[in-house]
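# Overview (structure and organization)
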Amino acid sequence: MKSQKTESAINTYLRETGGWVASQLEACTRCGICAEACHFYQALGNPEYAPVWKLEPLRRAYEQRFTPGGKLKLALGLEKRLSDSDLERWSRIVFEACTVCNKCAHVCPMGIELGPLIHEVRAGLTAAGVVPTDLAEATEKQKTIGSPLGVTDEMWRERVDWITDEWEVEIPVDKTGAETLVVFTSIELMKFPDNLAAVAKILNRAGENWTVSSKGREVVNFGYFEADEGLTRLFMHRVFRAAEELAVKRIVISECGHAYDAFRWNAPNIMKVPKGVEIVHISEYIHHLWKTGRIKIKDGAFEAGTITFHDSCKIQRRGGIIKQPRELLQALAGKNFKEMTPNREQALCCGGGGGVISIKEADANRYAVFEMKVEQLREIEAQAVCMVCSNCRLQFVDSLGHFNLPVKVHGLAELVSRSLI
Amino acid sequence: MKEKTIYEHLREKGLSRRDFMKLCGTIAGMLGLEFSPPVKALGKVLNPSPEEVVAQALKTKPRVPIIWLEFQDCAGCTEAISRSSSPLLSRLVLEDIAIEYHETLMAAAGFQAEKAREECLKRYYGKYVLVVEGSPTTADDGIYCTVGGKSNLEILKESAAGAAAIIATGNCACFGGIPAARPNPTGAVGVADLIKDRPVVNIPGCPAIPEVTTGTILHFLVMGQLPALDSLKRPLPFYGHTVHDHCLRRPFYEAGKFVGSFDDEGARKGYCLYKLGCKGPTTYNACAGLKWERGLSYPVQSGHPCLGCSEPHFWDGGGFYEGQSAPTMKLDKGSTATLIGAGTALGAALAGVNAVKKTRARKAVVKPEQPVSPAEEKKED
Amino acid sequence: MNWTEILSFSRGPLLHISMIIFVVGMSYRLVRVVLLGWERDRASNKGSKLKGVVINYLKGLIILPFIPWVGRTFRRNELTFIAGGLFHLSLFVVLAFGTAHILVWKSLFGLSWKPLPTPVVSFFSSVGIISLIILLVNRLTHPVLKLLTRLPVWINWVVVFLPMITGFIMARHLWFKYEVIFSLHLISVSLLLIWIPLGRISHFLFYFFSRTIHGAQAGKRAIMP
């Protein structure tokens, strides 16, 4: 009777269920407040999108296998065992209607860290192989080709060369003796090359001894989206190996939220990380260069109307890089910089993170969520919006196009590089 | 020879007709005849007036023979009734309405007294009222309380056989009282626990309020039947309300003003005694209405919390000075530690089982080693 | 069996047994969860964990219950916030400052303090009862709560509601004879004590886990929890 699929999901849940998971699952009072924090629930009103409901597979595995109460509930027929169809059902909920943004944790009266728990739910579904096709394909591409967008080594080199020519900026590749390894996303490489060029320009101006690596060339981590621990490690391992080979002192994560989360907070817990190598996000590094006087920017350089800042879930809410981009924007745009509400830790997620944007079936969800973002932009009549995550940026560009809105989208690096003096 | 009626007896003792009518009024008022449930139940309209109903009864009925037995007791109830400061009623009942046998009060002693009882039982068979004070003891065939070589059980049984009604006075006779307090070595019980075939009225209290005992006897006399009883066989006219219901400190209870200790400011101000362990809310008795010493005072009025002496097992119902809400059985530190230990052991045992399951799950899900993808391997070659 | 006997049974053996079950059950449950193992978080800290934890408790104990509108989701969910907050506040006031309850704590732990005036406690107990009823209605109508609520959660509601309503009736001396409602109150309390280790009311214990975890995570990442 036992399905192999379901068993491997359950085994994953059991493996991951320590006191950390169990105590938080036990703390839940089923008050449902988290639902109102979830942008997918807010936008679509589907009760199944309530964050706590997303934890059901994990909770059921925990209670039914580890607790007498759960066994009793099974015996009394109050609850069913996890089945393959349950996994399919939750796969749609957890991958297509959750960006693992963890806003729910901030409204939970118990303070339950729902985001990381949903990450575990994803892990089980991935172990059972119930992952949306698009996401699985992109992950497979990253595994075999090295980039979820299918960028091969040759394409990567060509693209870097092209950017060097087009923007007349020097990008050191595989430079031994460099102090800083910058790892870009292939989204930037293919879709926002201006951002890549801007980063290069800023670092060169600061006199930074930096390089990119042809071996650790992709910072995006689709294994982390899937919560596949092996793949997460594999993808980070590529970057770490490159860093070790080049003997750099720090790895600068370019504009990718999930990548920053994986490298900064997750890597030390799941794998061996090179010693003495600092992990920083590009936005905090630019801020650092500016604060230490290594670059100078023209105050008030941005004059193209009202600009606002979009907080990314993994970089701001989960990464703590909240003040730095704001200080830069304040300097760049002065009075033209306005905040959306809610913002900072309480910010509304873009709706495309956590791999959602790569899943075709989730498009409707994504656009519905973005409508709320549009409303926020409208409230302050923003003409431009700045952010530090390519994934968010992709969602903004795509959705603004979908809704046909004339709001400009900028990367922070791009704005800074334009105002360098 | 026809027996004298009560009225005739009283007249012989020199009671004027005017005083007799006053007496009837007092008795009627005390019994609350107008509102007496049995009267209401009978559907009788008291016409012309309640006191005339009483007068009618006293004029037509002969004196009631009473046999008063004592078992495991302190004679407190007898003390109370004989020293009652409302002599009118107690004297009336004890002397004028008649009394034939009372171990403490009668002049006779020893075999003489026993003989008197036996004669009385025969002579008034089926007519007398049996009053029991003190608890019968059942352990070891009742040998812990014997009179004249007879066990109390034997005495009770033979005395009860011909009783028109049995009145158990005091908590001991009603519910076993103090002798029945844990561990109850003598197997003390209430009269009603032993006598099932005769009507029994319980007048609990420690001691029973004398007016309640006499009142109940008078009720039997006047109405020819026992008053309505509650589930513990207590006469409703006297036990229909709790001490708390009619408490003169009640407003302080409602306002939340409590005495904290016997000599604090609140005690001087007459605040509510609930925190000192007052059992008033669950104690049904007429203390607050009838009081003691001719209506002078009663415990709560004098500043002492109610002990609940008219309730079964009041001796075992937690400390007298401990709040009524407190649990009567407590977990001490040692047993709490043991319980926590037991819980911990249980939890640890299950955690052990779960750890095994977790290890099995970990083995079932293959975790790749520090991985290198096929594509990368090719490149490195 | 009459009510006097039921009362002495529920004040004595029944309450005793349920307290035993409560103590054993809660320690069992705590140990079972804790012994599932904890992994050390090896990622370096960006901010102070302790600071995060402290702020998070302040948020949980002061901001969420008393000034919830600073949290952005309040306006989407006033009912749960207000009724839930008031319910917990009332529960605390009645349990900690009701005279009868103080006597219970005194007899159990030997500590006692000044009670609040009865009308104040009465007010809070009615507030608690009304909040609980509002929460029930909310649970019956809110789509998310309908989805989340299964039998055990309904039982939670009932076993919490019964002691509150019987306690209220008892303290006001309404309708029932005192020993009857007193017994019912104690029976329902026993029921509650037995149920707590089984159901989600035990969140009062696990609350400290989840709040500490969230606070530490926020502190570590240098964000406001």
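Note that the structure is predicted; figures quoted are calculated from it, not measured.

A tally of helices and strands in chain C yields nine helices and zero strands. N-terminal to C-terminal, the α/β element order of chain C is α-α-α-α-α-α-α-α-α.

Contacts between chain B and chain C engage 36 residues on the former and 38 residues on the latter. At the level of secondary structure, the elements contributing two or more residues to the side of chain B that touches chain C comprise α13 (250-255) and α17 (333-364) of chain B. Ranked by residues supplied to the side of chain B that touches chain C, first place goes to α17 of chain B with 12 residues. A per-class count over the side of chain B that touches chain C returns 17 nonpolar, 14 polar and five charged.

What sets the pattern is the α-helix's 3.6 residues per turn: residues three or four places apart point alike. Buried residues dominate helix α5 (residues 56-66) of chain A, accounting for 10 of its 11 residues. Buried within α5 of chain A are the following residues: Glu56, Pro57, Leu58, Arg59, Arg60, Ala61, Tyr62, Glu63, Arg65 and Phe66 of chain A.

What follows concerns the sheet that holds strand β6 (residues 337-338) of chain A. Residues and elements named next belong to chain A. Taken together, the four strands give an open sheet; going across it, the order is β6-β5-β7-β8, and neighbouring strands pair in parallel fashion. The sheet is open, and its two borders are formed by β6 and β8 (408-411), each paired with just one other strand. Packed onto the sheet, helix α19 (residues 323-333) meets β5 (307-309), β6 and β7 (384-387) and runs at close to 175° relative to β5. Sheet strands touched by helix α21 (residues 390-403): β7 and β8. Its angle to β8, the strand with the most contacts, is close to 165°.

Moving on: the packing of helix α5 (residues 118-141) of chain C against helix α7 (residues 151-172) of chain C. Residue and element names in this part refer to chain C. Relative orientation of the contacting elements α5 and α7 amounts to 150°, with a least axis distance of 10 Å. Considering their axes alone, α5 and α7 lie roughly antiparallel with respect to each other. Relative to α7, α5 is oriented so that their crossing is left-handed. Across the interface between the two elements, Ser122, Ser125, Ser126, Gly128, Ile129, Leu132 and Leu136 from α5 touch Trp157, Val160, Phe161, Met164, Ile165, Gly167, Phe168, Ala171 and Arg172 from α7.

Listed as interface residues are 48 residues of chain C and, on the opposing side, 44 residues of chain A. Secondary-structure elements contributing two or more residues to the side of chain C that touches chain A are α1 (3-34), α2 (49-66), α3 (78-97), α6 (143-148), α7 and α9 (203-220) of chain C. With 10 residues, the single largest contributor to the side of chain C that touches chain A is α9 of chain C. When grouped by side-chain class, the residues that make up the side of chain C that touches chain A number 21 nonpolar, 17 polar and 10 charged.

Residue and element names in this part refer to chain A. The assigned domain composition of chain A is domain 1 (4-130), domain 2 (135-291) and domain 3 (307-418). The centre of domain 1, based on its C-alpha atoms, is set 32 Å off from the matching centre of domain 2. Domain 1 puts six residues into the contact, and the matching count from domain 2 is five residues. Considering every element that reaches the side of domain 1 that touches domain 2, the biggest residue donor is helix α9 (residues 114-127), with five residues. Within the side of domain 1 that touches domain 2, the residues separate by chemical class into two nonpolar, two polar and two charged.

With that settled, consider the confidence of the model for chain C. Residues and elements named next belong to chain C. For chain C, the mean per-residue pLDDT works out to 86, and 95% of the residues sit at or above 70. Highest mean pLDDT in chain C belongs to helix α8 (residues 178-195) (91); lowest belongs to α2 (82). Confidence estimates for the predicted assembly give a pTM of 0.83 and an ipTM of 0.87.

With respect to the secondary-structure elements, Thr141 of chain C resides in helix α5. Once the C-alpha coordinates of Thr141 of chain C and Ile201 of chain C are considered, the two residues, 60 residues apart in sequence, prove to be 21 Å apart.

Averaged over all residues, the pLDDT of chain A equals 88, while 100% of them reach at least 70. Taking the mean pLDDT of every element in chain A, the minimum, 86, falls on helix α1 (residues 4-16) of chain A and the maximum, 92, on helix α4 (residues 51-54) of chain A.

Let's shift gears to the nonpolar core. Of all hydrophobic cores here, the largest spans 197 residues; its most connected members are Cys34, Ile251 and Ile253 of chain A. Contact partners of Ile251 of chain A, with chain neighbours within four places excluded, come to Leu181, Val183, Val239, Ala243, Phe263, Val277 and Ile279 of chain A. Trp68, Tyr128, Val191 and Phe238 of chain B belong to the second largest nonpolar core, which has 80 residues in total.

Residues and elements named next belong to chain A. If you trace the four strands from one edge of the open sheet to the other, you get β2-β1-β3-β4, paired in parallel fashion. Each of the sheet's edge strands pairs with one partner strand only, and the pair in question is β2 (210-211) and β4 (278-281). Set on the sheet, helix α15 (residues 229-246) makes contact with β1 (180-183), β2 and β3 (250-253); between it and β1 the angle comes to about 155°. Its contacts with the sheet place helix α16 (residues 257-270) against β3 and β4, and it is angled at close to 155° to β3.

Right, let's talk about the pairing of strand β7 (residues 200-203) of chain B for a bit. Residue and element names in this part refer to chain B. By the alternation rule, side chains of β7 split into Val200 and Asn202 and Val201 and Ile203, which are all buried. In this structure, strand β6 (residues 165-169) lies alongside β7, joined through four bridges in parallel fashion. Its bridge partner lying in β7, Ile166 is registered against Val200.

Turning our eyes to something else, we now look at unusual backbone geometry. Residues and elements named next belong to chain A. In this chain, Thr341 is followed by Pro342 through a cis amide linkage whose omega measures -10°. Residue placement: Pro342 occurs in the loop between β6 and α20 (363-379). Phi angles above zero are rare outside glycine, and Val100 is one such case at about 50°. Looking at the element boundaries, Val100 is found in the loop between α7 (84-96) and α8 (103-107). Judged by C-beta crowding, with 31 C-beta atoms within 10 Å, Val100 ranks as buried.

The rules behind these values
- Residues numbered from 1 in each chain as written.
- Chains lettered and ligands numbered in written order.
- Predicted model: local features only at pLDDT ≥ 70, side-chain atom pairs only at ≥ 80, totals over all residues.
- Helix = DSSP H or I, 4+ residues; strand = E, 2+ residues; numbered from the N terminus.
- Contact = placed C-beta atoms within 7 Å.
- Nonpolar A, V, L, I, M, F, W, Y, C, P; charged D, E, K, R; others polar.
- Buried ≥ 20, exposed ≤ 12 C-beta atoms within 10 Å, placed from the backbone.
- Pairing = 2+ DSSP bridges.
- Axes fitted to C-alpha atoms, helices over the stretch in contact; angles between N-to-C directions.
- Parallel < 35°, antiparallel > 145°, perpendicular 65-115°, else oblique.
- Left-handed = near helix turned anticlockwise from the far one by under 90°.
- Domains from an automatic or database assignment.
- pLDDT = per-residue confidence, 0-100.
- Core = buried A, V, L, I, M, F, W, Y, C linked by C-beta atoms within 7 Å.

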